[in-house]
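Listed below are the residues making up each chain.
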Amino acid sequence: MIEISKDLVIVADGHCYAVGKPVKKQSGEFFIQKPRYYSTMGQTLRGCVSIALRNGVADGTITTLRQFMDEQQRLTDQIKVLLTPLEV
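Keep in mind the model is a prediction, meaning the values are calculated, not measured.

Criteria and cut-off values
Residues numbered from 1 in each chain as written. Predicted model: local features only at pLDDT ≥ 70, side-chain atom pairs only at ≥ 80, totals over all residues. Heavy atoms only, no water. Pairing = 2+ DSSP bridges. Helix = DSSP H or I, 4+ residues; strand = E, 2+ residues; numbered from the N terminus. Axes fitted to C-alpha atoms, helices over the stretch in contact; angles between N-to-C directions. Expected span 1.5 Å × (residues − 1). Buried < 20%, exposed > 50% of the residue type's maximum accessible area, 1.4 Å probe, protein only. Parallel < 35°, antiparallel > 145°, perpendicular 65-115°, else oblique. Left-handed = near helix turned anticlockwise from the far one by under 90°. Contact = heavy atoms within 4.5 Å. Nonpolar A, V, L, I, M, F, W, Y, C, P; charged D, E, K, R; others polar.

Student: It is not clear to me how the pairing of strand S2 (residues 8–12) should be interpreted in this structure. Could you clarify?
Tutor: Within a regular strand, side chains alternate between the sheet's two faces. Summarising the sheet, strand S1 (residues 2–5) and S2 pair through three bridges and their orientation is antiparallel. Bridge pairing in S2 links serine 5 to leucine 8. Counted between consecutive antiparallel strands, the loop separating S1 from S2 contains two residues. As judged from the four bridges shared by S2 and strand S3 (residues 17–24), these two strands associate in the antiparallel manner. Paired with isoleucine 10 across the two strands is valine 19, which belongs to S3.

Below, the structure written as structure tokens:
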């Protein structure tokens, strides 16, 4: 499991990557709440940006279009740096 934030993680199996909120069962097992599925890590990281932006609007930390655009650019720049070693 790769922790992106306290409310967002990436997990994988033999077929895809899943992104969502980690929830711990009483048994101690984790599962992903409302998972979204992606084929590549590039798609997965771009999906994380989209989810993070949506969460920011939903929780009130992003309240203007300018804030949204600035945060989108900041996150996109971070993703580009992370993706550079993956590009062949």
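There is more to say after this.
Student: Which parts of the structure should I look at to understand the sheet that holds strand S4 (residues 30–38)?
Tutor: In space, the four strands of this open sheet follow the order S1-S2-S3-S4, with antiparallel pairing throughout. Lying at the two open borders of the sheet, with one neighbouring strand each, are S1 and S4. Adjacent strand axes in the sheet meet at a mean angle of 35° when their direction is disregarded. Note: S3 against S4, seven bridges, orientation antiparallel. What sits directly across from lysine 24, in S4, is phenylalanine 30.

Student: Could you clarify how one ought to interpret helix H1 (residues 41–59) in this entry?
Tutor: Structurally, the α-helix is built with 3.6 residues per turn, so residues lying three or four positions apart point the same way. Here H1 contains 19 residues, and its C-alpha end-to-end distance of 26 Å stays within 8% of the 27 Å for a straight helix at 1.5 Å per residue. If you check which residues of H1 are buried, you get Met41, Gly42, Thr44, Leu45, Gly47, Cys48, Val49, Ile51, Leu53 and Gly56. Two residues or fewer after H1 comes glycine 60, characterised by a positive phi angle close to 90°.

Student: Just checking my understanding: could you explain the packing of H1 against helix H2 (residues 65–83) for this structure?
Tutor: What describes two packed helices is the angle between their axes and the distance between those same axes. Closest axis-to-axis distance for the H1/H2 pair is 10 Å, and the angle between their directions is 155°. As the angle between them shows, H1 and H2 are arranged roughly antiparallel. Once H1 is placed against H2, the crossing between them reads as right-handed. On H2, the residues that touch Gly42, Leu45, Arg46, Val49, Ala52, Leu53 and Val57 of H1 are Phe68, Glu71, Gln72, Leu75, Thr76, Ile79, Leu82 and Leu83. Tallied by class, residues from the contact of H1 with H2 come to 10 nonpolar, three polar and two charged.

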